[in-house]
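Coordinate inspection notes
Each chain, letter by letter, is given below.
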Amino acid sequence: MAERDYVSTPVSDELSLKDTIAGLSQDLKDLRAGKISPAEAHARAALAKQIWNGARIYLQAIKTIQQDAKPVNGIEKEKK
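The paragraphs below set out a description of the structure included in this document. (Residues numbered from 1 in each chain as written. Predicted model: local features only at pLDDT ≥ 70, side-chain atom pairs only at ≥ 80, totals over all residues. Heavy atoms only, no water.)

1. Some details on the pattern of salt bridges
Rules: Each reported salt bridge corresponds to a side-chain nitrogen of Lys or Arg within 4 Å of a carboxyl oxygen of Asp or Glu. Segments assigned H or I by DSSP are reported as helices when at least four residues long, segments assigned E as strands when at least two residues long, and all are numbered from the N terminus. Residue exposure (1.4 Å probe, protein chains only): buried if accessible area is under 20% of the type maximum, exposed if over 50%, otherwise partly exposed.
Per the stated rule, a full pass over the model turns up 2 salt bridges. Notably, a salt bridge pairs D27 with R44, separated by 2.7 Å at the nearest N-O pair. Separated by 17 residues along the polypeptide, D27 in helix 2 (residues 17-33) and R44 in helix 3 (residues 38-67) bring together distant segments of the chain. Owing to a relative accessible area of 13%, D27 belongs among the buried residues under this scheme. When its relative accessible area of 30% is taken as the criterion, R44 is described as partly exposed. A salt bridge links R44 to E40, with the nearest nitrogen and oxygen atoms 2.6 Å apart. One end of the pair is R44 and the other is E40, both in helix 3 and 4 residues apart, which spans about a single turn.

Printed below as a string of structure tokens:
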């Protein structure tokens, strides 16, 4: 099993990404069983893709912001 990524875990938990994965898996089963149409399965996959893109953008933004971030105490000391 892969090592848990503690940086992205809060994001994945907040966005319920495990539920998204489970939903996609169920959609594939439903598609194979004829319960949903290929068009509906495609639409659901497109929505899931947008969720993944949003999570990726969010994580990149956090990384960009945090790399130059300073504690508030450090900012206050620089002003004096």
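2. Here we look at the environment of S12
Along the chain, S12 falls in helix 1 (residues 9-14). For S12, a relative accessible area of 23% corresponds to the partly exposed category.

3. A few points about the packing of helix 2 against helix 3
Note the following rule: Fitted lines through C-alpha atoms serve as axes, helices being fitted only where they are in contact, and the angles separating the N-to-C directions of these axes extend from 0 to 180 degrees. Should an angle fall under 35 degrees it is taken as roughly parallel, and over 145 as roughly antiparallel, whereas 65 to 115 is taken as roughly perpendicular and any remaining angle as oblique. Here a crossing is called left-handed whenever its near helix is offset anticlockwise from the far helix by less than a right angle, and right-handed whenever the offset is clockwise. Working rule for contacts: check all heavy atoms of both residues, and any pair within 4.5 Å makes them a contact. Three categories are distinguished: nonpolar for Ala, Val, Leu, Ile, Met, Phe, Trp, Tyr, Cys and Pro, charged for Asp, Glu, Lys and Arg, and polar for the others, with Gly belonging to the last.
Where helix 2 contacts helix 3, the two axes come as close as 10 Å, and the packing angle between them is 165°. Relative to helix 3, the element helix 2 is oriented roughly antiparallel. Where helix 2 crosses over helix 3, the two elements pack in a sense that is left-handed. Contact residues: L17, T20, I21, L24, D27 and L31 in helix 2; P38, A41, R44, A45, A48, I51, W52 and A55 in helix 3. Grouping the constituent residues of the contact of helix 2 with helix 3 by class yields 11 nonpolar, 1 polar and 2 charged.

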